[in-house]
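For reference, the chains in residue letters:
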Amino acid sequence: MSDRARFIGLYALIAAGAAVLLSPILALSYHATAEGAEALETGTVSAWSDPARDFVGGLITWAAPERVYATYVQLFALLFPAIFLCARAVRARRPAAGRLERWGWRSALFGYGLLSIGLLAASVVLVDASAAVKGSSAYAALDVVFISLMFPGMAISVIGSTVLGIGLLRNRYEPKITAGLLVLAFPSLLVLSTLLGHNGIALLPLFLAWAVAGVQLWRKRPTGATQRSAAGGLRVEEGLER
């Protein structure tokens, strides 16, 4: 296990922890914008969003609503690549499995990569906070990024993740919690984004799934260190025998 893979695992773990805290605030900041306020017409959205916005207070009122939301999207864009990198590191160490798992890996990794690029592109567009204002020229640019990168990336990510999770469960992948959370990716996007009013919260199962896998990557010692330790132990045993 290389140091690079271990630090990718740590990145995935930190990103998941940050996403758990950030994704609800991201949703609340979206609901504070003119466009996001439309989501509050859904009863389940307003039921949690109205009291939650009062509770977080200054976290979503420190600037104009569009600027606040743009900033949290930019922060979220720094977290999602951890999913792609961690999944790629796990796949590189995973032996070839059945057809379902192989297709799950291909589609999930492609989706993760596409969505990562889309979020990073959106964060660049959102340097101009007017991109969050419907009808502005910057908003049109953001719309292009969403339609061409973010939406297909998200759809492929969650569908591929669910397929991958089923394949991993069938092939008895460990840790099982990663596979189980991946299975939930597609239904979570359908249900949570509707009930809670934002896609960011619906992506939490992905963050948590790869965080668990990331812990496993982080705990594994580098190959060189393991070999040196084994060699040292062998030398000690040889000395004792003499």
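Before reading further, recall that the structure is shown in the block above.
The structure contained in this document is the topic of the report that follows. For clarity, every value in this text was computed on a predicted model and none was experimentally measured.

### Observations concerning the layout of surface pockets
Link 1 in the chain: In this structure, the largest pocket occupies an estimated 550 Å³ of space.
Link 2 in the chain: Taken together, 24 residues line the largest pocket, and the ones lying closest to its centre are Tyr30, Tyr69, Phe146, Met150 and His198.
Link 3 in the chain: Among the secondary structure elements, those contributing two or more residues to the lining of the largest pocket are α1 (3–31), α3 (65–79), α5 (99–125), α6 (137–170) and α9 (199–202).
Link 4 in the chain: It is α6 that contributes the most residues to the lining of the largest pocket, six residues altogether.
Link 5 in the chain: Taken together, the residues that form the lining of the largest pocket break down as 17 nonpolar, five polar and two charged.

### Side note on the environment of Trp210
Link 1 in the chain: Note on placement: Trp210 falls in helix α10 (residues 204–219).
Link 2 in the chain: It is 11 Å that separates the C-alpha atoms of Trp210 and Gly17, two residues lying 193 residues apart in sequence.
Link 3 in the chain: In this structure Trp210 touches Ala12, Ile83, Cys86, Ala87, Val90, Trp105, Tyr112, Leu164, Thr178 and Leu182, once residues within four positions along its chain are discounted.
Link 4 in the chain: A polar contact is formed between the side chain of Trp210 and the side chain of Tyr112, at a distance of 3.1 Å.

### Focus: the side chain of Thr33
Link 1 in the chain: Along the chain, the position of Thr33 falls in the loop between α1 and α2 (43–56).
Link 2 in the chain: With a relative accessible area of 3%, Thr33 lands in the buried category.
Link 3 in the chain: Polar contacts involving the side chain of Thr33 include one to the main-chain carbonyl oxygen of Tyr30, which spans 2.6 Å.
Link 4 in the chain: In contact with Thr33, other than residues within four places in its own chain, are Pro65, Glu66 and Tyr69.

### A few points about α1
Link 1 in the chain: Over its 29 residues, α1 runs 41 Å from end to end, which matches the ideal 42 Å to within 8%, given 1.5 Å per residue.
Link 2 in the chain: The largest bend in α1 amounts to roughly 35° and is located at Ala19.

### Here's the deal with the side chain of Ser157
Link 1 in the chain: In this fold, Ser157 is placed in helix α6.
Link 2 in the chain: Within the structure, the side chain of Ser157 is placed 3.0 Å from the backbone oxygen of Gly111, a separation counted as a polar contact.
Link 3 in the chain: A distance of 3.2 Å separates a polar atom in the side chain of Ser157 from the backbone nitrogen of Tyr112.

The rules behind the values
- Residues numbered from 1 in each chain as written.
- Predicted model: local features only at pLDDT ≥ 70, side-chain atom pairs only at ≥ 80, totals over all residues.
- Heavy atoms only, no water.
- 1 Å grid on protein atoms, 1.4 Å probe; cavity = no way out; pocket = protein on both sides within 12 Å on 5 of 7 lines; lining within 4 Å.
- Points joined across faces, edges and corners; volume = space filled by probe spheres on them.
- Helix = DSSP H or I, 4+ residues; strand = E, 2+ residues; numbered from the N terminus.
- Nonpolar A, V, L, I, M, F, W, Y, C, P; charged D, E, K, R; others polar.
- Contact = heavy atoms within 4.5 Å.
- Polar contact = N/O pair within 3.5 Å; in protein donor to acceptor, adjacent residues only side chain to side chain.
- Buried < 20%, exposed > 50% of the residue type's maximum accessible area, 1.4 Å probe, protein only.
- Expected span 1.5 Å × (residues − 1).
- Bend = angle between axes of the 7 residues up to and from the residue.

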